[in-house]
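So the chains spell out like this:
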Amino acid sequence: GTKGVNIDGKDLTLDLNGMTVTYSEKGGGDTAAIRLINNASLTVTDTSTAASGKLESTSSGMAIRNMSTGTVTVSSGTVLATGQFGQAIYNSTGTVTVSSGTVLATGDYTTAINNYSTGTVTVSGGEVSATTGNAIYNSDIGKITVSGGAEVTSANSSSASGTIYLARVPSS
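Residues numbered from 1 in each chain as written. Predicted model: local features only at pLDDT ≥ 70, side-chain atom pairs only at ≥ 80, totals over all residues. Heavy atoms only, no water.

Colleague: Where do I start with the environment of Ser57 in this structure?
Modeller: By the secondary structure assignment, Ser57 is in strand S6 (residues 54–57). You can call Ser57 buried: its relative accessible area is 0%. Separated by 67 residues in the primary sequence, Ser57 and Ser124 have C-alpha atoms spaced 24 Å apart. Residues in contact with Ser57, not counting those within four places in the same chain, are Tyr23, Met62, Ala63, Leu80, Ala81, Thr82 and Gly83. (Helix = DSSP H or I, 4+ residues; strand = E, 2+ residues; numbered from the N terminus. Buried < 20%, exposed > 50% of the residue type's maximum accessible area, 1.4 Å probe, protein only. Contact = heavy atoms within 4.5 Å.)

Colleague: Sorry, what's going on with the sheet that holds strand S8 (residues 71–74) here?
Modeller: Reading across from one edge, S2-S5-S8-S11-S14-S17 is the order of the 6 strands in this open sheet, with parallel pairing throughout. Every interior strand has two partners, whereas the edge strands, strand S2 (11–15) and strand S17 (143–146), have only one. Averaged over all adjacent pairs, the angle separating strand axes in this sheet is 10°, with direction ignored. Direction of pairing for strand S14 (residues 120–123) relative to S17: parallel, over a ladder of 4 bridges. Looking across to S17, one finds that Thr120 is bridged to Lys143. (Pairing = 2+ DSSP bridges. Axes fitted to C-alpha atoms, helices over the stretch in contact; angles between N-to-C directions.)

Structural data, given as structure tokens:
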């Protein structure tokens, strides 16, 4: 659809159950299929046998935008950005955890996970990938941890960027 939803101070689980949720609002900025505010948390999962469900942003917006200290967890299914300049997950000062499933950016100049401020990104399994942009873009001093069987990839060919881009290196 063209209208996103706000999750305000709640902890919710989105079970994709093999279905695709498509967000297509144009406008960039803070447009997102799901916006987390006031310490809200969201777990994305897919309990279908094939785990083929998707939360997809086809615009220049985001599939998920974490505006606060809340948590985004991807435990199965796919969170996807396919529109030019789109982002699958935007994180401000919260936490993003990918333990399984896929976070994918396939549009031109897209980012799978944009860790914009002092947030934390932990990828311990599953796949985080971008076809032309960054798999993980760390805009400030947030912490990025990749471990276990996680696969983080990008076909990014820019000499000034890479699969995981660190704009600033955290002090600890």
